[in-house]
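# Chain and residue survey
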Amino acid sequence: MSSISVRGVVKRFPNGFEALKGIEAEIQPGSFTVVLGPSGAGKSTLLRLMNGLESPTRGEVRIGDEIVDTHKLRQIRSKVAMVFQQFNLVDRLSVVTNVLTGRLAQRSWVGSVFYLFRKEDMGIVQEALARVGLTDKAWNRADKLSGGQQQRVGIARALAQQPKAILADEPVASLDPVSSEEIMALLREICDRDGITVVVNLHQVELARRFADRIIGMNSGKIVFDGRPEQMTQSVLRTIYQREGIEDDNSLDMALAYA
Amino acid sequence: MTTVSTWRWPTPSGWLPLPLVGGVLVLICALWLTAPMVEVDFVRLIGSLGKMTAFAGQMFVAPDWNYVPQLLAKMLETIEMTILGTAIAIVLSLPMGILAARNATPHIVVYRVTRDALSLMRALPELVWALVFVSAVGLGPLPGVMALAFVTVGFMGKFFAESIEVVDQKAVEGVRAHGAGWLQVRLFAMLPQALPDFVGTVMYILDHNLRAAAILGLVGAGGIGYDLVMSMRLFQYDRLLLIALAIYLVVTLLDRASDRLRSRIIHGRQA
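These numbers come from a predicted model, not from an experiment.

The next subject is the overall build of chain A. A tally of regular secondary structure across chain A gives 10 helices and 10 strands. Each principal axis of the C-alpha distribution contributes one length, and for chain A these read about 60 × 40 × 35 Å. Look at the contacts in chain A between residues 6 or more apart in sequence, and 67% of them connect residues 24 or more apart.

Have a look at this one:
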């Protein structure tokens, strides 16, 4: 359980593109936050900053009391797990080995040279696999699993790390509706039962409404909405998804009509 | 008229790009003009057809069966040299490959230095390095193994590095994001992905090294090479035939084995 605070964060990429234009956000320990916004709004960049996969041009990100900076990345990352849209598993390794990579932060390189782990690591991994319901697939190669199963391996890897927070970057964007539901329910359950802070980027407004404690809406690098799901009205959605320079946006109306 | 309108290349104009056509034409002209420098002469080639068939005919003699025991011993030595040289090279090439891969090297200077060292190692053929090592450690298979390992590191390190450079970055990020250290990221995210390529490289190099080992005897560095060259010089075609067959047989068997191994590694155990 850990709070995440983002203070005055600006991120400018080397090509000059400003992905984040001054972000302020305080994420409560043990809460479930969904970040909504159009593609290119800066959602992924925001999440990647919290894990140190990117570093801010200005401002700072804190996990608990610790500032995320390049000198203690390993320490920060050992507490903050990440779940990816494309799962980012090592395809050719078994499910177990993939989940074991979640333990690497706790182990020195000496054993790793021989692919050796401790017995207690294996116990943690089996527990994590049981929670995501993949015990029977443990020794399959990761790339032999379906998309939904691969994402559950991704979540098991995150759990194996025994993190204080889990960041999920569009975890259901490549999945069918039923698998999406399962994955979201799993993340929600992890948040409720283990008190792990969860931050999820999503494209599905409806999933956000049902699962989130709090929704942050982003558009072109700024936070345009921050509140509880029931406060997110149609006009709020229009602000989140509005496109620059387009006044009468038919696509926007159609897309939000059933949201 | 109809053919012109029916056929087209997938370019905006429908014609081949001019630089490509020009380049190929220039290349053909250059080859045409320079071929005499290396004495590629079709008249002479056709003229010597008779001599070639005569030589090939001499190969078909009754094999010298008394030579078989020595042949087996020498072939075994050749195979041992090949496997040992390649095995030593694999152990050295793995770290070299990591250092020489742009996405895995600790620093760009290390990358440059390793790349240069590797190209120095493979700059000269095995035979030349064998000469060097024969003068250093004396005659026998040892300098042969050293020469093989040395040149092989030069090639294998480069091939390994190139396989590492094309690994999927997503998996690397996945492992890195969970707090894995520098070496752990390379061992758990990069190497497993590069493994099928590694196996392909090793099998190709084994094949190449066997053929290289077969001539190292020429400079006194062990293996079948000495017998091969001597039987050629002494016109002992009854031996030469057996030696050529033995080398062919081993290379073919190796090729079969490598196909099996590769498909097993790429597709996993059961599939």
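The structure having been displayed, the exposition proceeds.
Before going further, it helps to spend a moment on the domain arrangement of chain B. Domain parsing of chain B yields domain 1 (5-59) and domain 2 (65-267). Domain 1 of chain B and domain 2 of chain B are separated by 33 Å when their C-alpha centres are compared.

Contacts between the two partners involve 19 residues from chain B and, on the opposite side, 25 residues from chain A. Sorting the residues of the side of chain B that touches chain A by element identifies helix 9 (169-176) and helix 10 (182-216) of chain B as the ones contributing at least two each. It is helix 10 of chain B that contributes the most residues to the side of chain B that touches chain A, 8 residues altogether. Residue composition of the side of chain B that touches chain A, grouped by class: 10 nonpolar, 7 polar and 2 charged.

Here we take up the sheet that holds strand 2 (residues 18-27) of chain A. All names here are of chain A. Sheet architecture is open: 4 strands sit in the order 2-1-4-5, paired in antiparallel fashion. Among the strands making up the open sheet, the edge pair consists of strand 2 and strand 5 (66-67). Here 5 bridges tie strand 1 (residues 4-12) to strand 4 (residues 58-63), and the two strands are oriented antiparallel to one another. Residue pairing across strands places Val6 opposite Val61, the latter belonging to strand 4.

What tends to happen in soluble globular proteins is that the nonpolar side chains get buried as a cluster. If you look at the biggest cluster of nonpolar residues, it comprises 138 residues, and the most contacted ones within it are Val99, Ala156, Ile166 and Val198 of chain A together with Ala147 of chain B. No other element matches helix 10 of chain B, which puts 17 residues into this core. Beyond its immediate sequence surroundings of up to four residues, Ile166 of chain A is in contact with Ala81, Val83, Ala158, Ile190, Ile196 and Val198 of chain A.

This part is about the environment of Ile124 of chain A. All names here are of chain A. By the element assignment, Ile124 lies in helix 5 (residues 119-131). Looking at Ile124, the number of C-beta atoms within 10 Å reads 21, which means it is buried. Separated by 93 residues in the primary sequence, Ile124 and Gly217 have C-alpha atoms spaced 36 Å apart. Residue contacts for Ile124: discarding those within four places in its chain leaves Arg103 and Ala160.

With that settled, the discussion passes to the sheet that holds strand 10 (residues 222-227) of chain A. Residues and elements named next belong to chain A. Read from one edge of the open sheet, 6 strands run 6-7-8-3-9-10, paired in mixed fashion. Unpaired on one side and paired on the other, strand 6 (80-83) and strand 10 mark the two borders of the sheet. Geometrically, the sheet is characterised by an average inter-axis angle of 20° between neighbouring strands, direction not taken into account. Sheet topology places strand 7 (residues 165-169) next to strand 8 (residues 197-202); 5 bridges connect them, and they run parallel. The residue bridging Ile166 from the neighbouring strand is Val198, located in strand 8. Contacting strand 3 (32-36), strand 7 and strand 8, helix 7 (residues 177-194) runs over the sheet at an angle of about 160° to strand 8. Sheet contacts for helix 9 (residues 234-241): strand 3, strand 9 (214-219) and strand 10; angle to strand 10, the most-contacted strand, approximately 155°.

If you trace the backbone, Gly123 of chain A turns up in helix 5. Along the primary structure Gly123 of chain A and Asp136 of chain A are separated by 13 residues, whereas in three dimensions their C-alpha atoms are 15 Å apart.

It is a general feature of regular strands that their side chains alternate between the two faces of the sheet. All names here are of chain A. Across the 6 residues that make up strand 9, a large majority, 5, are buried. When strand 3 meets strand 9, the two strands line up parallel, connected through 4 bridges. Each bridged residue has a counterpart across the sheet, and for Val34 the counterpart in strand 9 is Ile215. As judged from the 5 bridges shared by strand 9 and strand 10, these two strands associate in the antiparallel manner. From the neighbouring strand, Ile215 faces strand 10, where its bridge partner is Gly227. Adjacent in sequence and paired antiparallel, strand 9 and strand 10 are bridged by 2 residues, among which Ser220 carries a positive phi angle near 35°.

About the thresholds
- Residues numbered from 1 in each chain as written.
- Chains lettered and ligands numbered in written order.
- Predicted model: local features only at pLDDT ≥ 70, side-chain atom pairs only at ≥ 80, totals over all residues.
- Helix = DSSP H or I, 4+ residues; strand = E, 2+ residues; numbered from the N terminus.
- Contact = placed C-beta atoms within 7 Å.
- Domains from an automatic or database assignment.
- Nonpolar A, V, L, I, M, F, W, Y, C, P; charged D, E, K, R; others polar.
- Pairing = 2+ DSSP bridges.
- Core = buried A, V, L, I, M, F, W, Y, C linked by C-beta atoms within 7 Å.
- Buried ≥ 20, exposed ≤ 12 C-beta atoms within 10 Å, placed from the backbone.
- Axes fitted to C-alpha atoms, helices over the stretch in contact; angles between N-to-C directions.

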